[in-house]
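Overview (structure and organization)
Here are the chains, one letter per residue:
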Amino acid sequence: MKFKFSYRPYSGQEFRPTPEVHIDEKVLIVATPWGQRDAAKKVIDRILGHLALCADDHEATTPFQRLSCLSPSANNLRIAALVANESLYREENSREYRLGVELFSMFLSEGDLVWLQIGQPQVLLARKSRRAIPLGGSMDLSFDLSENERLLPSLPHQLLGIETSVNLTINSFRPKDQDQIILLSHSQLPSEIFQGKSHSNNHDNKLTLDEISRKLSENTPQLAFWLGLVELSENLS
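These notes cover the structure that comes with them. (Residues numbered from 1 in each chain as written. Predicted model: local features only at pLDDT ≥ 70, side-chain atom pairs only at ≥ 80, totals over all residues. Heavy atoms only, no water.)

Another aspect to go through is the environment of M139. You can see M139 is positioned in the loop between β7 (133–136) and α3 (141–145). The exposure class of M139 is partly exposed, given its relative accessible area of 38%. Residues M139 and S185 lie 46 residues apart in sequence; the distance between their C-alpha atoms is 9.9 Å. (Helix = DSSP H or I, 4+ residues; strand = E, 2+ residues; numbered from the N terminus. Buried < 20%, exposed > 50% of the residue type's maximum accessible area, 1.4 Å probe, protein only.)

Time to look at the nonpolar core. If you look at the biggest cluster of nonpolar residues, it comprises 26 residues, and the most contacted ones within it are V43, I47, L103 and L160. Of all the secondary structure elements, the ones that give two or more residues to this core are β3 (27–34), α1 (38–56), α2 (72–93), β4 (100–109) and β5 (112–118). The contacts of L103, once residues within four sequence positions are left out, are I29, V30, A31, V43, I47, A81, L116, Q117, I118, Q120 and L160. (Core = buried A, V, L, I, M, F, W, Y, C linked by side-chain atoms within 4.5 Å. Contact = heavy atoms within 4.5 Å.)

It is worth spelling out the pairing of strand β9 (residues 180–185) at this point. Of all six residues in β9, six are buried, a share of seventy percent or more. Note that strand β6 (residues 122–126) and β9 share five bridges and pair antiparallel. Following the sheet pairing, Q122 is matched in β9 by L184. Here β9 runs beside strand β10 (residues 225–233); their pairing, made up of six bridges, is antiparallel. (Pairing = 2+ DSSP bridges.)

Encoded structure:
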């Protein structure tokens, strides 16, 4: 199984930081900086560094305990995120809160797709001829604090690097050919996103970045958002 990735930011009236993105044959990392932009780049570098260490030495000693309930790939991704969290905390936030990073990372290994998440984006699975279903997500704090119908500007609910420990979500599933994964950083999760099935004229009835972003911008034109689309296939060149 292989994947390709495309993404797009939408500039509304309210501010939302644009993520740093790393992509290679097996790994996707989306790191959204709240504070200095270099923080996201540091997180990506720490994660890639630990994954490379594990690839070179399967018995490498790690600073965090492996969990028996997780696969080796999931453990490597989890520990890489914990290493990045500790590094960011010690370098930037040990004396005062200066910055933090929302994180999504996924890894393809032996037919499984493992993903890890702290904060946004929301993660949804779009499978052929079915409605989109949520796989994971974190409520934007602005949604929780807003009153009446007006939403406050985007506020992160969970961040990497704020404390020495972090509450991360990690999961996996076995993807099917032509599956799509929608990544959405948004102050709310519009109901239009769950319609899932494409109404475009493309022959394979797959969702497109243009179609999804149009629906979202029509629903809440004042809100900035970031949208990513992972397309999984056994026949990608």
